[in-house]
Amino acid sequence: MVARRAVRTVAWCAVIAGSVTIGCSDEAVRERAGRHAAPAAPSAPVAPSAPAAAAAASASAPAVLAGIHPPSPGSLRVPVAGIDASMLRDNYEQARGAQRHEALDIPAPRGTPVVAAADGRVVKLFNSKPGGLTVYQFDPTERYAYYYAHLDRYADGLKEGAWLKRGDPVGTVGSTGNASADAPHLHFAVFVLGAERQWWKGTPLNPYPLIVGQR
Ligand SMILES: [Zn+2]
């Protein structure tokens with residue numbers, strides 16, 4: 001049910017106590033996204049109640065997706081330096097609390113360079129409680145967003161509006177936000193933007209096949 005996922009926003013991660021399993025939970029609803037977005041985007045409309053937002057997004061999602069062609073399988077590069085696509089594990093469908101993960105976790109040592117998965121403009125640098133240091137990048141058509149979370153630091157000189165080429169530095173792997181300090185990783189998400197191109201909101205796509213290609 002694509003429409004049901006339309007109101008998901010950025011996701012966050014944590015490690016299950018006593019386990020090496022990396023866990024991430026999507027923030028459930030736009031209500032929460034609105035709260036996060038408010039300080040950085042004061043002109044954003046106040047989110048309606050969660051049920052109203054969900055209903056509106058569900059109704060609009062098919063139209064938003066119609067005619068949009070996702071990045072082709074295998075077209076994105078692994079957004080962590082030194083990690084081969086064969087090393088990735090698809091954890092998009094994994095449960096994170098009551099939610100699906102809807103992102104790709106890439107474990108790597110703290111400080112490992114995070115690089116752009118594809119060309120596109122940096123639209124937002126955002127420090128959120130769950131995601132920590134995050135980067136939102138739009139693809140050149142501004143139909144898609146790439147989301148990089150739990151960064152230890154941003155790349156030198158990175159700023160909103162900057163154009164990144166595929167492979168350009170974004171920052172470094174870390175555990176900011178609510179990720180566990182002993183399991184640094186990049187939480188990488190791809191989502192289809194709505195008509196209003198709001199950086200904090202979209203319909204998630206599984207990044208794994210977009211990086212690895214068809215299985
Ligand atoms: Zn994650």
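Residues numbered from 1 in each chain as written. Predicted model: local features only at pLDDT ≥ 70, side-chain atom pairs only at ≥ 80, totals over all residues.

For the protein chain, an unreviewed UniProt entry supplies the name M23 family metallopeptidase and the organism Pseudaquabacterium terrae. For the record of the protein chain, the UniProt heading Cofactor (unreviewed entry) holds the text "Zn(2+)". (UniProt positions renumbered as here; feature names shortened; annotations may be inferred.)

Novice: If you had to explain the overall build of the protein chain to someone new, which residues and values would you point to?
Specialist: Tallying secondary structure elements over the protein chain gives 3 helices and 13 strands in all. Burial statistics for the protein chain: of 215 residues in total, 44% are counted as buried. Long-range pairs, those at least 24 residues apart, make up 66% of the contacts in the protein chain between residues at least 6 apart in sequence. (Helix = DSSP H or I, 4+ residues; strand = E, 2+ residues; numbered from the N terminus. Buried ≥ 20, exposed ≤ 12 C-beta atoms within 10 Å, placed from the backbone. Contact = placed C-beta atoms within 7 Å.)

Novice: Tell me about unusual backbone geometry, and please be specific about residues and values.
Specialist: Its identity as a non-glycine residue notwithstanding, E102 has a phi of 60°, on the positive side. Mapped onto the secondary structure, E102 falls in the loop between β4 (99-100) and β5 (104-107). With a phi close to 55°, R197 is a non-glycine residue in the positive phi region. Considering the arrangement of structural elements, one finds R197 in the loop between β12 (185-193) and β13 (202-205).

Novice: I'd like a description of the nonpolar core, backed by residues and values.
Specialist: One recurring pattern in soluble globular proteins: nonpolar side chains tend to sit buried together. Counting residues in hydrophobic clusters, the biggest one holds 41 residues, and the most contacted among them are V114, A145, Y146, Y147, Y148, L186 and F188. Mapped by element, the contributors of at least two residues to this core are β5, β6 (113-115), β7 (120-128), β8 (132-138), β9 (144-154), β11 (169-173), β12 and α3 (207-212). For this core, the leading source of residues is β9, giving 8 residues. Apart from the residues lying within four places of it in its own chain, the contact partners of Y146 are A117, A118, G120, Q137 and V190. (Core = buried A, V, L, I, M, F, W, Y, C linked by C-beta atoms within 7 Å.)

Novice: Give a detailed account of the environment of L193, specifying residues and quantitative values.
Specialist: Note on placement: L193 falls in strand β12. With 11 residues separating them in the primary sequence, L193 and P204 have C-alpha atoms 9.0 Å apart. Ignoring any residue separated from it by four or fewer positions in sequence, one finds L193 in contact with E142, R143, Y144, A145 and G202.

Novice: Which residues make up the confidence of the model for the protein chain, and what are the values?
Specialist: Residues of the protein chain with pLDDT of at least 70 account for 68%, and the chain-wide mean is 78. Below pLDDT 50 for its whole length, residues 1-64 participates in 120 contacts with residues either more than four positions away or in separate chains. (pLDDT = per-residue confidence, 0-100.)

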